[in-house]
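Structural features, examined
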Amino acid sequence: MRQPVHYTRQYTWGPATLELGQSTLIMGILNITPDSFSDGGSYTSVEHALQQARLMIEEGADIIDIGGESTRPGHDPVSEQEELSRVIPVIEALRQHLSHIPLSIDTYKAEVARQALAAGAHIINDVWGGMADERMFAVAAEAGCPYILMHNRYDMNYTDLVTDVKKDLQQRITLALQAGIQPDHLILDPGIGFAKHADHNLELMSRLDELTELGYPMLLGTSRKRFIRTVLDLPADDVVEGTAATTAFGIAQGCQIIRVHDVKPNKRIATMCDAMLQAAESPGKYSN
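The structure contained in this document is the topic of the report that follows.

The rules behind each value
Residues numbered from 1 in each chain as written. Predicted model: local features only at pLDDT ≥ 70, side-chain atom pairs only at ≥ 80, totals over all residues. Heavy atoms only, no water. Core = buried A, V, L, I, M, F, W, Y, C linked by side-chain atoms within 4.5 Å. Buried < 20%, exposed > 50% of the residue type's maximum accessible area, 1.4 Å probe, protein only. Contact = heavy atoms within 4.5 Å. 1 Å grid on protein atoms, 1.4 Å probe; cavity = no way out; pocket = protein on both sides within 12 Å on 5 of 7 lines; lining within 4 Å. Points joined across faces, edges and corners; volume = space filled by probe spheres on them. Pairing = 2+ DSSP bridges. Helix = DSSP H or I, 4+ residues; strand = E, 2+ residues; numbered from the N terminus. Nonpolar A, V, L, I, M, F, W, Y, C, P; charged D, E, K, R; others polar. Salt bridge = Lys/Arg side-chain N within 4 Å of Asp/Glu carboxyl O. Expected span 1.5 Å × (residues − 1). Bend = angle between axes of the 7 residues up to and from the residue.

1. Remarks on the nonpolar core
One finds Leu30, Ile64, Ile66, Ile91, Leu94, Ile124 and Tyr147 to be the most contacted residues of the largest nonpolar core, which totals 67 residues. In this structure, Ile91 is in contact with Ile66, Leu103, Ile105, Ala116, Ala119, Gly120 and Ala121, ignoring residues within four places of it in sequence. Among the nonpolar cores identified, the runner-up in size contains 13 residues, and Tyr11, Ala16, Ile148 and Leu219 belong to it.

What follows is the structure in structure tokens.
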């Protein structure tokens with residue numbers, strides 16, 4: 001098996017650091033929403049959100065991703081002010097009590113991203129890759145922060161899925177760079193589950209390594225998504241093994257950040273995958 005392509009990046013924000021290229025990073029999902037598809041309503045208070053963040057960090061999370069609007073199919077859009085009222089108090093609390101952990105704001109609204117960064121977030125995670133709000137690239141460029149650019153589109157009219165996904169991503173990358181985002185600050189997300197049906201998601205999962213050819217680190221977010229539930233014919237709260245399979249498969253193809261709800265099992269899977277991938281470079285590391 002060929003070694004996956006890995007990119008090295010290091011970011012530091014006071015006591016918080018993030019280092020890509022040494023081991024797979026785990027991004028723990030913290031939804032401050034009443035209607036997310038699998039955990040809506042669980043962490044809407046600051047106290048519960050802080051408790052959950054602490055648990056995920058204990059289980060091995062390297063990043064906490066905070067979202068104030070569900071992105072599940074058919075979700076009700078949330079106003080900018082409502083989204084801010086959900087995420088800002090949580091970001092401020094996490095920054096105060098867990099200052100060593102990088103925080104990501106999961107939003108497609110530029111003003112939410114700007115205020116979240118001012119409140120203590122470090123990374124923008126944009127499920128629309130700047131398409132939903134044309135000001136987003138400028139906010140990311142001015143802040144000089146890592147920007148996760150996800151593949152998304154308004155239709156599923158693909159001619160060739162992977163070719164089209166790569167083309168779409170390259171177009172967004174070009175615009176991001178033109179807006180002033182530094183190349184070392186870009187991280188790509190293939191957008192599993194967004195503008196793609198189950199067969200699309202499975203095909204893209206099988207060819208993730210082709211996306212690393214674009215020249216940027218890649219984040220994979222498959223946790224509890226519908227294509228896994230479809231394959232296994234199980235509800236969202238019973239697909240930890242299915243998510244685990246996608247985690248291992250993604251790491252083997254070069255994904256360097258894994259975004260998940262269930263941190264502990266996916267951290268263990270990532271550690272095992274890293275050990276196998278690194279065995280050729282450091283033989284005898286685990287010898288007695």
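2. Structural notes on empty space enclosed by the protein
The final tally for this structure, using the stated rule, is one cavity of 30 Å³ or more. Glu69, Thr71, Glu83, Asp106, Thr107, Tyr108 and Val127 are the residues that line the largest cavity.

3. Some thoughts on the sheet that holds strand S9 (residues 219–220)
A sheet is described by the order of its strands in space; here eight strands give the open sequence S8-S7-S6-S5-S4-S3-S10-S9, paired in parallel fashion. The sheet is open, and its two edges are formed by strand S8 (186–189) and S9, each paired on a single side. Bridging between strand S5 (residues 103–106) and strand S6 (residues 123–126) involves three bridges; their strand directions are parallel. When the bridges of S6 are listed, Asp106 appears paired with Asn125.

4. Concerning the layout of surface pockets
In this structure, the second largest pocket encloses a volume near 230 Å³. For the second largest pocket, the lining is made up of 15 residues, of which His6, Gly21, Gln22, Leu277 and Gln278 are closest to its centre. Counting residues per element, the lining of the second largest pocket draws most heavily on helix H9 (residues 263–278), at three residues. Its residues assigned to classes, the lining of the second largest pocket shows four nonpolar, nine polar and two charged.

5. Some points on the pairing of strand S1 (residues 9–13)
Working note: regular strand, side chains alternate between the two faces of the sheet. Judged by which residues are buried, S1 turns out to be one-sided: Arg9, Tyr11 and Trp13 face inward and are buried, whereas Gln10 and Thr12, on the alternate face, are not. Here S1 runs beside strand S2 (residues 16–20); their pairing, made up of five bridges, is antiparallel. Paired with Trp13 across the bridge in S2 is Ala16. Between S1 and S2, which pair antiparallel one after the other, the connecting turn spans two residues, and Gly14 there sits at a positive phi close to 60°.

6. Some words on the environment of Asp238
Locating Asp238 in the fold gives a position in the loop between helix H7 (226–232) and helix H8 (240–252). Judged by its relative accessible area of 37%, Asp238 is partly exposed.

7. Points about the pattern of salt bridges
Counted by the stated rule, this structure contains 15 salt bridges. Residue Arg207 is joined to Glu203 by a salt bridge in which the shortest nitrogen-to-oxygen separation is 3.1 Å. Using a relative accessible area of 23% as the deciding quantity, one classes Arg207 as partly exposed. Residue class for Glu203 comes out partly exposed when judged on its relative accessible area of 30%.

8. As for helix H2 (residues 80–97)
The end-to-end C-alpha distance of H2, which contains 18 residues, comes to 26 Å, matching closely the 26 Å that a straight helix rising 1.5 Å per residue would cover. At Val87, H2 shows its largest bend, some 25°, and a proline, Pro89, comes one to four positions later. Taken as a whole, H2 has its buried residues at Glu83, Leu84, Arg86, Val87, Ile88, Val90, Ile91, Ala93 and Leu94. Those residues of H2 that are buried are in contact with strand S3 (25–31), helix H1 (46–58), strand S4 (63–67), S5 and helix H3 (110–119).

By themselves, these are just geometric observations and shouldn't be taken as functional.
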